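Structural overview for review
Chain residues, written in single-letter form:
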Amino acid sequence: MSAIDDRLAALGITLPTPAAPVANYVPFVRTGNLVVVSGQICLGLDGKLSPAHTGKLGAEISPEAGREAARLCAINLLAQLRAAVGNLDMVVRCVRLGGFINVVPTFAAVAQVMNGASDLMVEVLGDAGRHARSTIGVAELPMDAAVEVEGMFEVR
């Protein structure tokens, strides 16, 4: 096992089987030492979207459930990243995360929701998990997911 796999186990996190693309795109692209991972929604370990993470923040989804959804997105990002490089110990750093939060027009706490993903990256990767970030509220996401997160990683 790798050191990152050991850290995931210590945190009680099991990476799921990476989700297959649902349209005309690839789940990740590696160019040189960068891996760009396509947006991942908040699918659970079973590969399904929980009703607790379906809908809009500020309506049927609480900020706490939104942070959980963002955390799931980050777990799915790591699953795709492992598929891309084979071993998460190859990760030098998380360069950037982009978050899309499914919101009602008056919901403004998108940054706090996205912290669910950002905090997970730091928990798993340590200082290498600190990253640049953009977060926006959107009107709709695929499958009515509460959150979608994309990422860029430097690898060896």
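Here's a quick rundown of the structure. (Residues numbered from 1 in each chain as written. Predicted model: local features only at pLDDT ≥ 70, side-chain atom pairs only at ≥ 80, totals over all residues. Heavy atoms only, no water.)

1. Thoughts on the side chain of E148
- As for its placement among the helices and strands, E148 is situated in strand β5 (residues 147-155).
- Although E148 lies buried, it forms no salt bridge, and the closest oppositely charged side chain, R96, sits 11 Å away as judged by the N-O distance.
- Beyond its immediate stretch of four places on either side in the chain, E148 contacts G39, Q40, I41, C73, G98, G99, F100, L141 and P142. (Helix = DSSP H or I, 4+ residues; strand = E, 2+ residues; numbered from the N terminus. Buried < 20%, exposed > 50% of the residue type's maximum accessible area, 1.4 Å probe, protein only. Lys, Arg positive; Asp, Glu negative; His and termini not counted. Salt bridge = Lys/Arg side-chain N within 4 Å of Asp/Glu carboxyl O. Contact = heavy atoms within 4.5 Å.)

2. Things to note about the layout of surface pockets
- In this structure, the largest pocket spans a volume of roughly 290 Å³.
- Every residue lining the largest pocket is counted, 15 residues in all, and those nearest its centre are A20, V22, Y25, G39 and I41.
- A total of three residues in the lining of the largest pocket trace back to one element, the largest contributor, which is strand β2 (residues 34-41).
- Classifying every residue of the lining of the largest pocket by side-chain character gives 10 nonpolar, four polar and one charged. (1 Å grid on protein atoms, 1.4 Å probe; cavity = no way out; pocket = protein on both sides within 12 Å on 5 of 7 lines; lining within 4 Å. Points joined across faces, edges and corners; volume = space filled by probe spheres on them. Nonpolar A, V, L, I, M, F, W, Y, C, P; charged D, E, K, R; others polar.)

3. Notes on the side chain of K56
- Tracing the backbone through its elements, the reader meets K56 in the loop between β2 and α2 (63-85).
- In this structure K56 comes out as buried when scored by relative accessible area, which is 18%.
- Polar contacts involving the side chain of K56 include one to the side chain of N102, which spans 2.7 Å.
- Of the polar contacts made by the side chain of K56, one reaches the side chain of E140; its length is 3.4 Å.
- With near-sequence residues (within four places) excluded, K56 lies in contact with I61, N102, V103, V104, A139 and E140. (Polar contact = N/O pair within 3.5 Å; in protein donor to acceptor, adjacent residues only side chain to side chain.)

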